[in-house]
Amino acid sequence: MATLSVNNITKYFYEPVEFQVLKNISFEVEKGEFVAIIGKSGSGKSTLLYLLSTLDTDYEGSISINGIQVTGLKQNKLASFRNEHIGFVFQFHFLLPDFTVLDNVMLPALKLNRKSKDEIEHKAIELLTLLDIKGQEHKKASKISGGQQQRVAIARALINSPAIIMGDEPTGNLDSKNTKIVFDIFRQLAREQGQTIIAVTHDDEFAANCDRIIELSDGMLVDTI
Amino acid sequence: MNTNQKIAHTFLTSRLRQLLVAVLSVTFGISMYVFMNSFMAGVNDQQSEITFTSMPHIKIYNELPAEVKPILPQPKDDNTALIVNSARNIRYTEGIKNADAIKDKISKFDQITGVTTQLNQNIFIRNGVSKANATLSGINTVSENLMFKTSEYLVEGDLFDLDKRSDGIIMGTLLAQNIGVGMDDNVVVTTSDGISKSFKVIGLIETGAISADKSRALVSIQTARQLFSKNKSYATEVMVNIKDYNTAVTMANEIAKLTDFKVEPWQQGNSQLDSANVLRDILAIAVSLTILIVAGFGIYNIMNMTVNEKIKEISILKAMGFNGKDVIEIFLTQSVVIGLIGGFTGLILGRIIVRIVDNIPFKIATLSTLPVAYNPTDYILAFFFGILITFLAGYLPARKASKVDPVEIIRG
Ligand SMILES: Nc1ncnc2c1ncn2[C@@H]1O[C@H](COP(=O)(O)OP(=O)(O)OP(=O)(O)O)[C@@H](O)[C@H]1O
Ligand SMILES: [Mg+2]
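Note that the coordinates shown come from a computational prediction; the quantities given were computed from them, not determined experimentally. As a convention, each chain's residues are numbered from 1 in the sequence order in which they are written. The lettering of chains begins at A and the numbering of ligands begins at 1, in the order of writing. This being a predicted model, a pLDDT of at least 70 is required before a residue's local features are given, and a value of 80 or more before pairs of side-chain atoms are given or counted; all residues contribute to the totals for chains, interfaces and linings. Where side-chain values are given, they derive from all heavy atoms of the structure, hydrogens and water being excluded.

Asks: Sorry, what's going on with unusual backbone geometry here?
Replies: For residues that are not glycine, phi is negative in most cases, and the peptide bond is trans in most cases. Residue and element names in this part refer to chain A. Here the amide bond leading from E15 into P16 is cis, since omega sits at -10°, within 30 degrees of zero. Inspection of the secondary structure puts P16 in the loop between β1 (4-13) and β2 (19-29). In this structure, N113 is a non-glycine residue whose phi angle is positive, near 60°. Only runs of H or I of at least four residues qualify as helices and only runs of E of at least two qualify as strands under DSSP, and these elements are numbered from the N terminus. As for its placement among the helices and strands, N113 is situated in the loop between α3 (101-112) and α4 (117-130). Not every positive phi belongs to a glycine, and D218 is a case in point at roughly 50°. Looking at the element boundaries, D218 is found in the loop between β9 (212-217) and β10 (220-224). Between buried and exposed lies partly exposed: a residue is buried under 20% and exposed over 50% of the maximum accessible area for its type, with that area taken using a 1.4 Å probe on protein chains only. A residue is classified by how much of its surface remains accessible, and D218, at 53% relative accessible area, is exposed.

Asks: How do you make sense of the site of ligand 1 when you look at a structure like this?
Replies: Surveying the vicinity of ligand 1 reveals 16 residues, the closest of which are S41, G42, K45, S46 and T47 of chain A. Whether a residue is near a molecule or strand depends on its heavy atoms: if one lies within 4 Å, it is near. Surrounding ligand 1 are residues belonging to chains A and B, so the site spans chains. At 2.5 Å from an oxygen atom of ligand 1 is found a side-chain nitrogen or oxygen belonging to S41 of chain A. In protein, a polar contact means a hydrogen-donor-capable atom and an acceptor-capable atom, both N or O and within 3.5 Å, with residues adjacent in sequence counting only if both atoms are side-chain atoms; elsewhere, any N or O pair within 3.5 Å suffices. Here an oxygen atom of ligand 1 sits 2.5 Å away from a polar atom, N or O, in the side chain of T47 of chain A. Contact with the protein chains hides 68% of the accessible area of ligand 1, taken as 640 Å² for the molecule alone. Sorting the residues of the shell around ligand 1 by element identifies β2 and α1 (45-52) of chain A as the ones contributing at least two each. In terms of residue count, α1 of chain A provides more of the shell around ligand 1 than any other element does, three residues in total. Ten residues, namely Ala, Val, Leu, Ile, Met, Phe, Trp, Tyr, Cys and Pro, are considered nonpolar, four, namely Asp, Glu, Lys and Arg, are considered charged, and the remaining ones, Gly among them, are considered polar. Taken together, the residues of the shell around ligand 1 break down into three nonpolar, eight polar and five charged. Accessibility throughout is a Shrake-Rupley quantity obtained with a 1.4 Å probe, and a residue counts as covered only by protein chains that appear here.

Asks: Sorry, what's going on with the interface of chain B and chain A here?
Replies: The extent of an interface is frequently quoted as the accessible surface area lost upon association of the parts. Between two residues, a contact is recorded if the distance between any of their heavy atoms is within 4.5 Å. Taken together, the contacts link 24 residues of chain B with 24 residues of chain A. Defined here as a combined quantity, buried area equals the accessible surface (1.4 Å probe) lost by two parts on assembly, summed across both. If you sort the residues of chain B by the area they bury against chain A, M320, I410 and R411 of chain B come out on top, with a joint share of 28%. Any Lys or Arg side-chain nitrogen located within 4 Å of an Asp or Glu carboxyl oxygen qualifies as a salt bridge. The tally of links between chain B and chain A comes to four salt bridges. Summed over the shared surface of chain B and chain A, the number is ten residue pairs in polar contact (both at pLDDT 80 or more). Mapped onto the side of chain B that touches chain A, the elements with two or more residues apiece are α1 (3-14), α11 (311-320), α12 (324-358) and α14 (406-411) of chain B. Examining the composition of the side of chain B that touches chain A, we find that seven residues originate from one element, α11 of chain B, more than from any other. Taken together, the residues that form the side of chain B that touches chain A break down as eleven nonpolar, six polar and seven charged.

Asks: How do you make sense of the sheet that holds β2 of chain A when you look at a structure like this?
Replies: In a beta sheet, neighbouring strands are held together by backbone hydrogen bonds and run either parallel or antiparallel to one another. Residue and element names in this part refer to chain A. Two strands are said to pair when DSSP picks up at least two bridges between them. The four strands are arranged β2-β1-β4-β5 in an open sheet whose pairing can be described as antiparallel. In this open sheet, the two strands that pair with only one neighbour each are β2 and β5 (68-69). Pairing geometry for β1 and strand β4 (residues 60-65), over five bridges, is antiparallel. What sits directly across from L4, in β4, is I65.

Asks: How should the pattern of salt bridges be read in this particular structure?
Replies: Within this structure, the stated rule accounts for 17 salt bridges over all chains. Of the charged contacts in the structure, one is a salt bridge between K11 of chain A and D58 of chain A, with a shortest N-O distance of 4.0 Å. Of the two residues, K11 of chain A is situated in strand β1 and D58 of chain A in the loop between α1 and β4; the sequence distance between them amounts to 47 residues. The buried category is assigned to K11 of chain A, whose relative accessible area is 3%. D58 of chain A sits in the partly exposed class, given a relative accessible area of 47%. Of the charged contacts, one joins D211 of chain A and R187 of chain A as a salt bridge, the two residues approaching to 2.8 Å between their closest N and O atoms. With D211 of chain A in the loop between α7 (204-208) and β9 and R187 of chain A in helix α6 (residues 176-193), this pair connects stretches of sequence that are 24 residues apart. When salt bridges with common partners are traced through the structure, they connect K11, D56 and D58 of chain A together with R411 of chain B into a single cluster.

Asks: Help me out: how do you make sense of the packing of helix α10 (residues 271-309) of chain B against α12 of chain B in this one?
Replies: All names here are of chain B. Angles run from 0 to 180 degrees between N-to-C directions of axes, and those axes are lines fitted to C-alpha atoms, restricted for helices to the stretch in contact. For the pair α10 and α12, the least separation of the axes is 11 Å and the interaxial angle reads 145°. In this structure, α10 crosses over α12, and the sense of that crossing is right-handed. Residues I299, M303, T306 and V307 of α10 touch α12, and the partners they reach there are F331, Q334, S335 and I338. In terms of residue class, the contact of α10 with α12 is made up of five nonpolar, three polar and no charged. Throughout, a crossing is termed right-handed when the near helix is turned clockwise from the far one, and left-handed when it is turned anticlockwise from it by less than a right angle.

Asks: Teacher, can you tell me more about the packing of aromatic side chains here?
Replies: A pair of aromatic rings is counted whenever rings of Phe, Tyr or Trp (Trp by its six-membered ring) have centres within 6.5 Å, and the orientation is called stacked for planes under 30 degrees apart, edge-to-face for over 60 and tilted otherwise. This structure, assessed with the given rule, holds 17 aromatic pairs over all chains. Residues F34 of chain A and F186 of chain A carry aromatic rings whose centres are separated by 6.0 Å and whose planes lie at 85° to one another, so their mutual orientation is edge-to-face. Of the two residues, F34 of chain A sits in strand β3 (residues 34-39) while F186 of chain A sits in helix α6, which places them 152 residues apart along the sequence. Comparing F34 of chain A with F186 of chain A, the two get one shared label, buried. A ring pair is formed by F52 of chain B and W266 of chain B, whose centres lie 5.3 Å apart and whose planes are at 90°; its orientation type is edge-to-face. Here F52 of chain B is found in the loop between α2 (16-51) and β1 (58-61), whereas its partner W266 of chain B is found in the loop between β10 (262-265) and α10, with 214 residues between them in sequence. For W266 of chain B, a relative accessible area of 4% translates into the label buried. Aromatic ring contacts, followed pair by pair, group F34, F183, F186 and F206 of chain A into a single cluster. The ring of F109 of chain B carries the charged tip of K108 of chain B above its face, separated from the ring centre by 5.0 Å. The residue whose ring lies beneath K131 of chain B is F124 of chain B, and the NZ or CZ to ring-centre distance is 5.8 Å. Two conditions define a charge sitting above a ring: the NZ of Lys or the CZ of Arg must be within 6 Å of the ring centre, and it must be within 35 degrees of the ring normal.

Asks: What exactly am I supposed to notice about the confidence of the model for chain B here?
Replies: Close reading of the predicted structure is inappropriate where its pLDDT is low. Confidence scores per residue from the predictor, reported as pLDDT, run from 0 to 100. For chain B, per-residue confidence averages 88 on the pLDDT scale, and 97% of positions sit at 70 or higher. Here the prediction assigns the complex a pTM of 0.75, and the interface score ipTM is 0.93.

Asks: Help me understand the packing of α3 of chain A against α1 of chain B, please; the structure alone is not making it clear to me.
Replies: Two measures define how a pair of helices packs: the angle their axes make with one another and the distance between the axes. In the contact formed by α3 of chain A and α1 of chain B, the axes pass within 10 Å of each other and the chain directions differ by 145°. For the pair formed by α3 of chain A and α1 of chain B, the contact residues are D103, L107, L110 and K111 of chain A on the first element and T3, K6 and I7 of chain B on the second. A breakdown of the residues in the contact of α3 of chain A with α1 of chain B according to their chemical character gives three nonpolar, one polar and three charged.

Asks: Would you mind showing me how to read the domain arrangement of chain B here?
Replies: All the domain ranges listed were derived from an automatic or database domain assignment. Domain boundaries assigned for chain B yield domain 1 (3-51 + 274-411) and domain 2 (58-64 + 93-269). Each of domain 1 of chain B and domain 2 of chain B was reduced to a C-alpha centroid, and the two centroids are 51 Å apart.

Asks: Sorry if this is basic, but what is going on with helix α13 (residues 376-402) of chain B here?
Replies: Note on helix geometry: an α-helix contains 3.6 residues per turn, so any two residues three or four positions apart are oriented the same way. Residue and element names in this part refer to chain B. Its 27 residues place the ends of α13 38 Å apart at the C-alpha level, agreeing with the 39 Å of an ideal helix rising 1.5 Å per residue. Of all bends in α13, the biggest is about 30°, found at Y395, and the proline P397 comes one to four residues later. Within α13, burial applies to D378, Y379, A382, G386, I389, T390, A393, G394, P397, A398, A401 and S402. Summarising the contacts, the buried residues of α13 are in contact with α2, α10, α11 and α12. Working rule for helices: expected span equals 1.5 Å times residues minus one. Bend, at a single residue, is the angle you get between axes fitted to the 7 residues ending at that residue and the 7 residues starting at it.

Given below as structure tokens:
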């Protein structure tokens, strides 16, 4: 059974003019697969990722994650589904600026409420150490650099060990050393934990090292290698 | 602290100035509520205290039936004419023959704080050639004093001497002046039936109510019964005081079930006092609620601004898996915290204001400072309304926050 299966997805924007961003997109991603989505700017990569992450529900076609059809689920259901199964790194790494780095990472796990606070904190520190931002965890999220923020966002996406991790240019702001760290983490999670990774990227080298590349062009799948 | 409360806490403390403004608006609203109501209650209590120096909360007496019962039944058919000339409403009994029985009956109500009987009749009072109309009140000195603190108004003599001397009379100061008598002088009382008896003035009373001081004379109720040749338990009025004079109407209705006599709460026949009290209460509540509502708008405004400012954060929270209910909880918690802090400081500030007002000199009539009351219910209601209004004012922005569509914001 595929971890992610996308069936004939079509999406329109109606403002400012009617415009079809995604055209009949279908594909599947297996458990533990590390997939890159590439394509020109404006080809619809972010839009597709918002659909896959269940944030955007305004589309035709259907999406199933972990065998559960998420298309048509109620907002509150989707929220807890995201919380448990999906980790998301946004193109513009959104953190909660008033919270500390550590709180930002811990919040999704506190919301899930499956582990004790100590366990969660332990895991968060572990992730922050892995991503080389140890020592910053008690600073406010607004008081660290852009690249650090992006890595905090990645740590936050990983905290609940979600089945799928989605990243919209998760390494967009990172130098080559940190890009490599993040890539290796993803690689390892996919291989050892069987977590599925879907990352939009403009980085050819990053894409080339993934298991598979999905290319979008003008809202259509170019080909699946 | 659960996760939502932790988030609410962080949001609140990250904007301390806004928090302060919001809290102050609640503080102000609640303290004004406390002040207005305490002040108005103080004025009302003051008024009532004056009123009830001579008037009971409830009066029981024998009244002419209001409706004259038809002497003959109305004829059924149209061909018969019925004419009754000079129908008269005759009072078959006067006063209350067995006042003790009524006292016994009503003693079962534990709201009653005092009962006394009076025998009141109009008389002539004479000193040589000068004479005046007056009301003679036969009173039960002990219970009368308990209810009306009569002895405090005596400028000369001792109220309880009435029990010792069956020829003793206590006169209103103005009445005594009118007919030119002083302490230990003799006066002659003549009843409407033409019976005369001589009394000795053993006290002078001044209540401050001119009409009473000009016309009232007190004797013991036994003396009055003898004078009017009435039986032992006879009285014209049974006077009742209760714990809360505002409940007089309900109590009067309860008592009325037990007796055929007229049971009259003080509000009847004193509607000007009653309406003044009620109007002051309405005014106090209207003004204080208005202030609270204005404070509510303040909170609404601030919370709305907060929601707009935090729209990005709300979107992130929702993207991470917080649902609409969580978001409502997060923002409502903030309002409630504002309400609670503002509520407590408001109660304290209100209490301080009331204290200050209590000490402002105001030397008119019997007052020396502005009158205020210290009613716990005012404080409880102020707090309750304060929380209610912050809750309502916080709910709308919170609901708006819960409706935020995260993609719209995250897409940028
Ligand atoms: N909210 C919106 N309303 C209308 N059109 C939109 C909206 N968001 C995106 N679009 C359009 O949809 C198309 C796809 O946008 P999208 O953000 O998915 O591109 P992308 O592939 O992620 O590009 P990039 O690599 O620059 O991030 C673009 O042509 C864009 O102009
Ligand atoms: Mg994009």
